[in-house]
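These are the residues of each chain, in order.
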Amino acid sequence: MFLRVNKLQTELPAPKRRDPNAAAALQELLGGKYGEMSTLGNYMFQSFNFRSKSKLQSFYSLVACITAEELGHVELVSNGVAMLNNGPDVPDADAADGGDISAAQMEMMKDVRNAAGFYSHAGGAVPADSNGLSWNKDFITTTGNVVFDLLHNFHLECGARLHKLRVYETLSDPTGREVCGYLLVRGSVHAHAYALALKHLTGVEIEKMLPTPNIPLGNIPECQKYLDEGSHRRLYTFSPSDYKDIAGIWGGGEMALPGDPPGELQVVNGMPEGGKIHELVGQPNVFTPDYAPEEMFEIAAKLTKKM
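Residues numbered from 1 in each chain as written. Predicted model: local features only at pLDDT ≥ 70, side-chain atom pairs only at ≥ 80, totals over all residues. Heavy atoms only, no water.

Q: Teacher, can you tell me more about unusual backbone geometry here?
A: Trans is the prevailing form of peptide bonds, just as negative phi is the prevailing case for residues other than glycine. Omega for the bond connecting Leu210 with Pro211 falls within 30 degrees of zero, at -10 degrees, which places this linkage in the cis form. Mapped onto the fold, Pro211 is located in the loop between helix H6 (174-202) and helix H7 (221-228). Here the residue pair Thr212 and Pro213 is connected by a cis peptide bond, since its omega of -5 degrees sits within 30 degrees of zero. Among the structural elements, Pro213 can be located in the loop between H6 and H7. With a phi angle near 55 degrees, Ala104 is a residue other than glycine that sits in the positive phi range. (Helix = DSSP H or I, 4+ residues; strand = E, 2+ residues; numbered from the N terminus.)

Q: I'm lost on the packing of helix H2 (residues 36-49) against helix H5 (residues 146-168) in this one. Help?
A: Two quantities define a packed helix pair, namely the angle between the axes and the distance from one axis to the other. Relative orientation of the contacting elements H2 and H5 amounts to 165 degrees, with a least axis distance of 10 Å. It follows that H2 is roughly antiparallel to H5 by the angle criterion. For the crossing formed where H2 meets H5, the hand is left-handed. Facing H2, whose interface residues are Glu36, Ser38, Thr39, Asn42, Tyr43 and Gln46, H5 presents Asp149, His152, Asn153, Leu156, Glu157 and Lys164. (Axes fitted to C-alpha atoms, helices over the stretch in contact; angles between N-to-C directions. Parallel < 35°, antiparallel > 145°, perpendicular 65-115°, else oblique. Left-handed = near helix turned anticlockwise from the far one by under 90°. Contact = heavy atoms within 4.5 Å.)

Q: Even after reading the chapter, I still don't get the packing of H2 against helix H3 (residues 57-86), so can you show me in this structure?
A: One way to put it is that H2 packs onto H3 with a least axis distance of 8 Å and a crossing angle of 150 degrees. Relative to H3, the element H2 is oriented roughly antiparallel. Relative to H3, the crossing made by H2 is left-handed. Touching Glu36, Met37, Thr39, Leu40, Tyr43, Met44, Gln46 and Ser47 of H2 are Tyr60, Val63, Ala64, Ile66, Thr67, Glu70, Leu71, His73, Val74 and Val77, all from H3. Per-class residue counts for the contact of H2 with H3 are eleven nonpolar, five polar and two charged. (Nonpolar A, V, L, I, M, F, W, Y, C, P; charged D, E, K, R; others polar.)

Q: Whenever I open this one, the pattern of salt bridges confuses me. Can you help?
A: Two side chains with opposite charge may pair up if their charged atoms get near one another. Considering all chains together, one arrives at eleven salt bridges under this definition. A salt bridge links Glu75 to Arg4; its shortest N-O distance comes to 3.3 Å. Here Arg4 lies in the segment before helix H1 (20-31) and Glu75 lies in helix H3, a separation of 71 residues in the sequence. Put simply, Lys225 and Glu178 hold a salt bridge, and the shortest N to O gap is 2.9 Å. With Lys225 in helix H7 and Glu178 in helix H6, this residue pair connects regions lying 47 residues apart in the sequence. Each member of the salt-bridge network shares a partner with another, and the members are Glu107, Lys110 and Asp111. (Salt bridge = Lys/Arg side-chain N within 4 Å of Asp/Glu carboxyl O.)

Q: Please clarify how H3 should be interpreted in this entry.
A: An α-helical segment advances 3.6 residues per turn. Residues three or four places apart therefore align on the same side. For H3, with 30 residues, the first-to-last C-alpha span of 44 Å sits near the 44 Å given by 1.5 Å per residue. The buried fraction of H3 is high, at 28 of 30 residues. Looking one or two residues beyond H3, the residue adopting positive phi is Gly87, at roughly 80 degrees. (Expected span 1.5 Å × (residues − 1). Buried < 20%, exposed > 50% of the residue type's maximum accessible area, 1.4 Å probe, protein only.)

Here's what the structure looks like:
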């Protein structure tokens, strides 16, 4: 079962301006071939389909706990997309009605790259890539062969790293850059973990291929605080008591990758401390949550008081 906690895995800074094209770029990290929907889908169904779990417990647990982290990555990118589409919050923007909609208040949105993000989703995130093409199940590989699936996962994380670096180079807003910085560090952990799993199973030192591509995370300012706090050495169980046996792979004296701050790899029971979820202010002229939401707010307030 999955436990949901009302936080993001890391806190995102507020955007400096509304930038739907930057949001579209970030969509690539959500619904692109190497996006978070792909990593989640692959690891989730591999964990569901895993054979001989009790005899291969450490390898099953590795895929299972990374699955839980990927759920949070989908949420993180989705929040970044919505924040960039929305722009800086205007206090009490949801306090009035939507005004004169015949004044073409949103005329600029017809010219953005992914106009469907506004027309169909009101600036919210969906499982699609930067051009609005839907993520699809063909991106999922689950063969039942442990070595093949782990090798595929390693390839997927290396592809995701390349993905994130390219998207990072197209963004200047702090919201999108923070998403990329955090995911680059955590994706590096996942690639390293799958490499170590393959090393245990085959004897091949595949971690020598890391990082792929060869860009040290220390060169990226948004990665630095996560490196300083040791996030590159931590693998979370996302459970209070299960999956502790990932220490057989991510532990045992194994060290951080060369080029990253040195130290021993650590298993952390539970989850990251996390940060608050940014609250998007409503936009009545776009009918979010409605054209005149006062009655909705009154009903919600009454329910809260009754509770």
